[in-house]
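# Examining the three-dimensional arrangement
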Amino acid sequence: MKRRHLIAAALVSVAVPAFAAGSDVLAQVRQRLADAPVLKGAFEQRKTVKGFRNPLVSRGDFLVARERGVVWATREPFASQLIVTRDRLLSKQADGSVNTRVDAAHEPGIRAVNEMLFALMAADLAALSARFEIDGALQGKDGWRLALKPRDAALAQWVARIELEGDRFVRKVRFTEAGGDSSEIVLSGHVTAAALTRDDAARFD
């Protein structure tokens, strides 16, 4: 997998009409979100690539650990894992062999990408606000929607727009890449925990 595609995949590894922008809206969204050290669940991703009529559909599960990072494990149609920590981005094949590794020490931009991915998966609005202009609106008793636009040109090289929907958790992510490809990811089956199990911790190795 090419490095640019790997980073774009990491960015996704999470219709916004007439948003009412404001820090008060973001504060209320933050209050509605669950705050857990560990979050697990399932995903279905539909990626639309320019020049192809039908979207590419993949399914799997994800693991977000506040102190470790994100594991994005695709089960269908082909098994693979994307592991993101603060210092590296790792792609593994089904047999556990490393396909691609990008270290922050050699790719300065990867740290910013990884921090953004953490913030997206955990809906860390304070961190996202530092890198994106955010518009949003509350929906009903528990719901919310946010639209994110990159503040700086470097990040805009990868992403044009991100839209998030959710309630206690992020339920849907729409990601539009700068090159025109787009992804819609539906997250479900959310489970929170106070700490990683031994097996889950090993997934970051």
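An unreviewed UniProt entry lists the protein chain under the name Lipoprotein carrier protein LolA, with Piscinibacter gummiphilus as the source organism.

So, about the nonpolar core. Counting 38 residues, the largest nonpolar core has Trp72, Leu128, Phe132, Leu146, Leu148, Ile162 and Leu164 as the members making the most contacts within it. The element that contributes the greatest number of residues to this core is helix H3 (residues 109-122), accounting for six residues. Leu63, Ala65, Ile83 and Phe204 belong to the second largest nonpolar core, which has seven residues in total.

Once that is clear, we can look at the pairing of strand S2 (residues 56-65). Within S2, seven of the ten residues are buried, leaving the element largely enclosed by the surrounding structure. Bridging between S2 and strand S3 (residues 69-76) involves seven bridges; their strand directions are antiparallel. Bridge assignment links Ala65 to a residue of S3, and that residue is Gly69. Hairpin geometry of S2 and S3 is characterised by an intervening segment of three residues between the two adjacent antiparallel strands.

A few words on unusual backbone geometry. Only a minority of non-glycine residues have a phi that is not negative, and only a minority of peptide bonds are not trans. Cis geometry marks the peptide bond from Glu76 to Pro77; its omega dihedral reads 0°. Considering the arrangement of structural elements, one finds Pro77 in the loop between S3 and strand S4 (80-84).

Calculation notes
- Residues numbered from 1 in each chain as written.
- Predicted model: local features only at pLDDT ≥ 70, side-chain atom pairs only at ≥ 80, totals over all residues.
- Heavy atoms only, no water.
- Core = buried A, V, L, I, M, F, W, Y, C linked by side-chain atoms within 4.5 Å.
- Buried < 20%, exposed > 50% of the residue type's maximum accessible area, 1.4 Å probe, protein only.
- Helix = DSSP H or I, 4+ residues; strand = E, 2+ residues; numbered from the N terminus.
- Pairing = 2+ DSSP bridges.

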